[in-house]
Amino acid sequence: MDTTELEQTYQANGYAVARGLFSPAEVAQMRDHFMEARKTPRPLDDTGVDIGGDDPIKRYPRFIWPHKWDDVALRFMLDPRLKECMTALLGESPYASQTMVYFKPPGARGQALHQDNYYLRVAPGTCMAAWLALDDCDLANGCMELVPGSHKWDILCTVDADTQISFTSVTVPLPPGVKPVPVLMQAGDVLYFNGSIVHGSSPNTTTDRFRRALIGHYVQGTAEEVSKGYQPLLNWDGSQYEIAGTEIEGSVCGVWVEQGGEPVIAMAGQELQVRRKGE
Ligand SMILES: O=C(O)CCC(=O)C(=O)O
């Protein structure tokens, strides 16, 4: 696979899309499989399940850690195509940490802006996500939105999010004039982004289109610790990889201050926020 363009885009923006990495037949099978799996209550439905209720996101709560009970998710997590792309982007082979499936049915709220390494606490270095679109995604059905260049930012302290539009309750503040950019994708495309990049998604405003995604989170190979909540890590053969980690959830974080007329992130006076991804 020629990853030159992927690497260039990733270096410039902190994210990049590998187009058509999974075939239409593969994603169709995954969609069917996860829709069927969703009919059964699963462990770790952390956004709340209310199958007969009014809230679309609670009728289709995301799966967290499906690779622990589902072979399709495990095979995706350890797929050699993902390994090849991420090894090119990171310059080293990563370890696998977490999987998630998002259903995001018509009318569902999105997820407020956040930075993944706030939660995974990978150090030194960062985590990386491989976000596989199971449906075509655009602004109407709540595609991913990312802030280009924020991959070089420190981890920011969170503030309250608008829970009318987000199923999570915290967000990351942005300096004036900085906005996330929507990333339009087709089913089968994989979006890669690092643990500092600010990202999230808006509500699905369509009446008839899901926006499903299968997501893997990874840890760069030279990391020395990862939050215990994101362990065990897996090698690409599925065996477990031992690594140090803290029980603390959340991260040391910074706030925006002005310096020479420019917004910069100050880590001095930082607070330790204790929140779990998804709260
Ligand atoms: O799919 C989304 O809307 C958000 C996913 C996300 O934030 C993540 O995978 O870290």
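Refer to the structure printed above.
Source: prediction; values computed, not measured. (Residues numbered from 1 in each chain as written. Predicted model: local features only at pLDDT ≥ 70, side-chain atom pairs only at ≥ 80, totals over all residues. Heavy atoms only, no water.)

### What to know about the overall build of the chain
Note the cut-off: The helix count covers DSSP runs of H or I at least four residues long, the strand count covers runs of E at least two residues long, and both are numbered beginning at the N terminus. In this treatment the radius of gyration is a C-alpha quantity, and the globule benchmark scales as 2.2 Å times the residue count to the 0.38 power. For each residue, the accessible area found with a 1.4 Å probe, counting protein chains only, is set against the maximum for its type, and the residue is called buried under 20%, exposed over 50%, and partly exposed in between. Residues are treated as being in contact if the distance between any of their heavy atoms lies within 4.5 Å.
Looking only at helices and strands, the chain has six helices and 16 strands in total. Here the C-alpha radius of gyration of the chain, 18 Å, is about what a compact globule of 279 residues would show, namely 19 Å. With the C-alpha coordinates of the chain rotated into their principal frame, the extents come out at 55 × 40 × 35 Å. Buried positions account for 53% of the 279 residues belonging to the chain. At a minimum sequence separation of 6, the contacts of the chain that also span at least 24 residues come to 79%.

### Points about the site of the ligand
Just so we agree on the cut-off: Nearness is defined per residue: one heavy atom within 4 Å of the molecule or strand is enough. As used in this structure description, the phrase polar contact means that two N or O atoms lie within 3.5 Å; if the pair is within protein, one of them must be able to donate a hydrogen and the other to accept it, and residues adjacent in sequence are counted only when both atoms belong to side chains. Per-residue and other accessible areas were derived by the Shrake-Rupley procedure at a 1.4 Å probe size, with only the shown protein chains allowed to occlude residues. Of the grid points, spaced at 1 Å and generated over the protein atoms alone, those admitting a 1.4 Å probe that cannot get out make up cavities, while open sets with protein on both sides within 12 Å along at least five of seven lines make up pockets; any residue with an atom within 4 Å of a point is treated as lining. Cavity and pocket membership follows a simple rule, namely that a molecule belongs there if more than half of its atoms are within 2 Å of the grid points. Lys, Arg, Asp and Glu make up the charged group, whereas Ala, Val, Leu, Ile, Met, Phe, Trp, Tyr, Cys and Pro make up the nonpolar group; the residues left over, Gly among them, are polar.
The environment of the ligand is formed by 13 residues, the closest being H114, W131, H199, S201 and R211. Contacts to the ligand include D116, whose side-chain N or O atom sits 3.1 Å from an oxygen atom. Contacts to the ligand include W131, whose side-chain N or O atom sits 3.0 Å from an oxygen atom. Burial of the ligand by the protein amounts to 99% of the accessible area it has alone, namely 290 Å². Using a 2 Å cut-off from the grid points, one finds that the ligand occupies the largest cavity. At the level of secondary structure, the elements contributing two or more residues to the shell around the ligand comprise β3 (95–102), β4 (111–114), β11 (199–201) and β12 (213–219). Looking at the shell around the ligand, its residues break down into five nonpolar, five polar and three charged.

### Here's the deal with the packing of helix α1 (residues 4–13) against helix α5 (residues 80–90)
Note the cut-off: Lines fitted to the C-alpha atoms define the axes, with helices restricted to the stretch that makes contact. Angles between their N-to-C directions range from 0 to 180 degrees. Geometric relationships in this document are graded by angle, where less than 35 degrees denotes roughly parallel, more than 145 denotes roughly antiparallel, 65 to 115 denotes roughly perpendicular, and other angles denote oblique. Should the near helix be turned anticlockwise from the far one by less than a right angle, the crossing is termed left-handed; should it be turned clockwise, right-handed.
Two elements in contact, α1 and α5, have axes whose closest approach is 9 Å; the angle formed by their N-to-C orientations is 50°. Judged on the interaxial angle alone, α5 and α1 are oblique. Helix-helix and strand crossings are classified by hand; for α1 and α5 the assignment is right-handed. Mapping the contact onto sequence places L6, E7, Y10 and Q11 in α1 and C85, A88 and L89 in α5. Its residues placed into classes, the contact of α1 with α5 shows five nonpolar, one polar and one charged.

### Focus on empty space enclosed by the protein
Quick reminder of the rule: Grid points are joined across faces, edges and corners, and a volume is the space filled by probe spheres set on the points.
Under the defined criterion, the tally for this structure stands at three cavities of 30 Å³ or more. The wall of the largest cavity is formed by 20 residues, among which Y102, Q111, W131, M144 and I215 lie closest to the centre. Where the lining of the largest cavity is concerned, the elements lending two or more residues are β3, β4, β11 and β12. Tallying contributions element by element places β11 first for the lining of the largest cavity, with three residues.

### As for the nonpolar core
Counted only if it meets this: Take the buried Ala, Val, Leu, Ile, Met, Phe, Trp, Tyr and Cys residues and link them wherever side-chain atoms come within 4.5 Å; each set so joined is a nonpolar core.
One finds W131, L146, M185, L191 and F193 to be the most contacted residues of the largest nonpolar core, which totals 39 residues. Within the residue set of this core, elements represented by two or more residues are β1 (15–18), β3, α6 (117–120), β5 (127–133), β6 (144–146), β10 (190–194) and β12. For this core, the element with the highest residue contribution is β5, accounting for four residues. Contacts of W131, omitting those with residues within four sequence positions, involve C137, M144, M185, D189, V190, L191, F193, R211, A213, L214 and I215. By size, the runner-up hydrophobic cluster in this structure holds 34 residues, among which are A73, M86, F103 and Y218.

### Re the pattern of salt bridges
Two side chains of opposite charge can pair, provided their charged atoms sit close to one another. This is how the line gets drawn: Basic side-chain nitrogens of Lys or Arg form a salt bridge, by our definition, when they fall within 4 Å of a carboxyl oxygen of Asp or Glu.
The full count for this structure, using the stated rule, is eight salt bridges. The closest approach of N and O atoms between D189 and R19, which form a salt bridge, is 2.9 Å. In this pair, D189 sits in the loop between β9 (181–182) and β10 while R19 sits in the loop between β1 and α2 (24–37), placing the two residues 170 residues apart along the sequence. Of the charged contacts in the structure, one is a salt bridge between E36 and K39, with a shortest N-O distance of 3.0 Å. The exposure class assigned to K39 is exposed, which follows from its relative accessible area of 63%.

### Things to note about the pairing of β10
Quick note on the threshold: We treat two strands as partners when DSSP finds at least two bridges between them.
Most of β10 sits inside the fold, with five of its five residues counted as buried. Bridge count between β1 and β10: four bridges; the pairing is antiparallel. Along β10, the bridge assignment pairs V17 with L191. Across five bridges, the pairing between β5 and β10 is antiparallel. Residue pairing in the sheet places A129 in a bridge with F193 of β10.

### Points about the environment of A112
Mapped onto the elements, A112 comes out in strand β4. Residues A112 and D2, spaced 110 residues apart in sequence, show a C-alpha to C-alpha distance of 33 Å. Leaving out residues up to four positions away in the same chain, A112 has contacts with A161, S166, T168, V170, T171, H199 and G200.

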